[in-house]
Amino acid sequence: MSSSLRGRSVVVTGGSKGIGKGIARVFAGAGAKVAIIARHADRAEAAARELGGIGIAGDVTDLSSLEGAMAEAARHHGGLDVLCANAGIFPPAKLEEMTGEQWDEVIDTNLKGTFLSVKAALPYLKKSDQGRIVITSSITGPITGYPGWTHYGATKAGQLGFMRTACIELAKYGITVNAVMPGNIVTEGLAGMGEEYQRTMAASVPLKRLGSVEDIGHAALYFASKEAGYVTGQTIIVDGGQILPESLEALAQA
Ligand code: NAP
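Scope of this entry: the structure provided in the associated data block. Since we're looking at a predicted model, the values are computed, not measured.

The subject of this paragraph is the overall build of the protein. A tally of regular secondary structure across the protein gives nine helices and seven strands. The C-alpha radius of gyration of the protein comes to 18 Å, within 12% of the 18 Å expected for a compact globule of 254 residues. The proportion of buried residues among the 254 residues of the protein is 48%. Contacts in the protein between residues at least 24 apart in sequence constitute 71% of all its contacts with a sequence separation of at least 6. As displayed, the protein offers around 12000 Å² of accessible surface, 54% of which is attributable to carbon and sulfur atoms. Computed over 23 positive and 25 negative side-chain charges, the separation of the two mean positions in the protein equals 8 Å.

Right under this line is the structure:
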């Protein structure tokens with residue numbers, strides 16, 4: 001599977017840290033040429049340096065910024081084969097207190113940002129013989145809920161609705177569109193919440209651990225592979241079985 005990514009040009013939005021950096025690391029490990037797009041150029045460049053790729057400043061809420069970033073990635077790496085539309089934010093706000101501006105910020109980044117990233121990458125993906133789009137969704141929204149995340153959950157479910165029509169429209173170019181749905185993944189942000197917090201969260205997962213960013217990277221790598229060429233419009237849940245127990249009792253019984 002990994003050999004089909006050797007020499008391929010991959011863009012990861014939000015690849016300067018967290019899940020995006022894990023995705024970028026797994027693709028770089030498979031021999032892909034990786035470009036990381038994030039708003040803070042210095043952080044994108046630092047992450048890219050670590051992985052042997054390039055870092056580019058870009059904001060997924062801004063089409064012209066994305067067009068410039070995709071053009072730079074394509075110029076530097078001789079085209080573009082894979083877009084990992086991963087950038088996302090999750091500032092919590094309870095429904096009763098949430099302002100329209102807070103709602104818009106999350107929708108603009110996570111949902112419209114996915115659309116704009118695809119739009120900007122499309123001219124290059126169309127020229128690839130292995131065009132792939134891999135979206136980072138979540139279990140939160142499509143399957144589960146969490147207080148403070150009505151806006152976030154709406155974007156993560158919305159990405160899947162977007163995907164199910166985009167995959168039909170783009171099939172004529174041989175481009176596949178799929179999504180990874182992570183559960184609770186250890187990122188720099190979560191690690192900062194302390195070990196006790198992570199232990200409590202891990203206790204609700206059948207596999208008794210939180211996910212790693214590489215767990216998500218490997219799922220993304222599968223969707224991007226040559227071997228997954230007949231798989232489109234699909235999701236894969238990577239959550240250690242978190243969504244499955246009917247109750248805490250069901251976990252305790254095991
Ligand atoms: P993170 O650690 O906070 O990293 C977010 C990344 O996105 C950073 O590189 C950030 O860089 C970039 N970013 C944010 N806004 C951007 C914008 N407007 N334009 C371009 N880049 C932007 O987040 P994460 O936890 O890894 O989450 C990544 C994705 O995974 C999100 O889509 C999230 O919904 C999903 N997810 C995460 C979890 C989890 O447990 N962590 C679970 C399920 C799904 P800059 O700030 O420099 O722009």
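Surrounding the ligand, one finds 28 residues, the nearest of these being Ser16, Ile19, Arg39, His40 and Tyr152. The separation between an oxygen atom of the ligand and a polar main-chain atom of Ile19 is 2.7 Å. Protein chains bury 92% of the 880 Å² of accessible surface belonging to the ligand in isolation. Listed by contribution, the elements that provide at least two residues to the shell around the ligand are helix H1 (18-29) and helix H5 (150-170). The class makeup of the residues in the shell around the ligand is nine nonpolar, 15 polar and four charged.

Take helix H3 (residues 63-77) next. Helix length check: H3 (15 residues) gives 21 Å between terminal C-alpha atoms against 21 Å at 1.5 Å per residue, within 8%. All buried positions along H3 are accounted for by Leu66, Ala69, Met70, Ala73, Ala74 and His77. Looking straight down H3, one finds that the buried residues subtend no more than 130° of arc, so they occupy a single side. Of the exposed residues in H3, those oriented more than 90 degrees away from the buried face are Ser64, Arg75 and His76. Residues of H3 that are buried sit in contact with strand S1 (9-13), strand S2 (33-38), strand S3 (54-57), strand S4 (82-85) and helix H4 (100-125). Capping the start of H3, Asp62 holds a side-chain oxygen 3.1 Å from the backbone nitrogen of Ser64, two or three residues further along.

With that settled, the discussion passes to the nonpolar core. Counting 32 residues, the largest nonpolar core has Val11, Met70, Leu83, Ile133 and Val177 as the members making the most contacts within it. With six residues, the top contributor of residues to this core is H4. With sequence-adjacent residues up to four places away left out, Val11 is seen in contact with Ala35, Ile37, Met70, Ala73, Leu80, Val82, Leu83 and Cys84. Val10, Ile23, Ala48 and Leu51 belong to the second largest nonpolar core, which has 30 residues in total.

Located in the positive-phi region is Lys208, a residue other than glycine, with phi close to 60°. Mapped onto the secondary structure, Lys208 falls in the loop between helix H7 (195-203) and helix H8 (213-224).

Our next topic: the side chain of Thr13. Secondary-structure assignment places Thr13 in strand S1. Here Ala87 takes part through its backbone nitrogen, which lies 3.0 Å from a polar atom of the side chain of Thr13. Every residue in contact with Thr13, bar those within four places of it in the chain, is listed here: Ile37, Val60, Leu83, Cys84, Ala85, Asn86, Ala87 and Ser117.

What follows is about the packing of aromatic side chains. Considering all chains together, one arrives at five aromatic pairs under this definition. Pairing Phe90 with Tyr152 gives two aromatic rings, centres 5.9 Å apart and planes at 80°, and the pair type is edge-to-face. Pair noted here: Phe90 is in the loop between S4 and H4 and Tyr152 is in helix H5, with a separation of 62 residues, a long-range link. Accessibility expressed as a relative area gives 48% for Phe90, which makes it partly exposed. Aromatic pair Trp149 and Tyr152: ring centres 5.1 Å apart, planes at 50°, arrangement tilted. On the accessibility criterion, Tyr152 (9% relative accessible area) is buried. In this structure an aromatic cluster arises from ring pairing among Phe90, Tyr146, Trp149 and Tyr152.

Reading guide: rules and limits
Residues numbered from 1 in each chain as written. Predicted model: local features only at pLDDT ≥ 70, side-chain atom pairs only at ≥ 80, totals over all residues. Heavy atoms only, no water. Helix = DSSP H or I, 4+ residues; strand = E, 2+ residues; numbered from the N terminus. Rg over C-alpha atoms; globule rule 2.2 N^0.38 Å. Buried < 20%, exposed > 50% of the residue type's maximum accessible area, 1.4 Å probe, protein only. Contact = heavy atoms within 4.5 Å. Areas by Shrake-Rupley, 256 points an atom, 1.4 Å probe, with all protein chains shown as cover. Lys, Arg positive; Asp, Glu negative; His and termini not counted. Charge placed at Lys NZ, Arg CZ, Asp CG, Glu CD. Near = heavy atom within 4 Å. Polar contact = N/O pair within 3.5 Å; in protein donor to acceptor, adjacent residues only side chain to side chain. Nonpolar A, V, L, I, M, F, W, Y, C, P; charged D, E, K, R; others polar. Expected span 1.5 Å × (residues − 1). Arc of directions from axis to C-beta. Core = buried A, V, L, I, M, F, W, Y, C linked by side-chain atoms within 4.5 Å. Phe/Tyr/Trp six-rings, centres within 6.5 Å; stacked < 30°, edge-to-face > 60°.

Read these as spatial facts, not as claims about activity.
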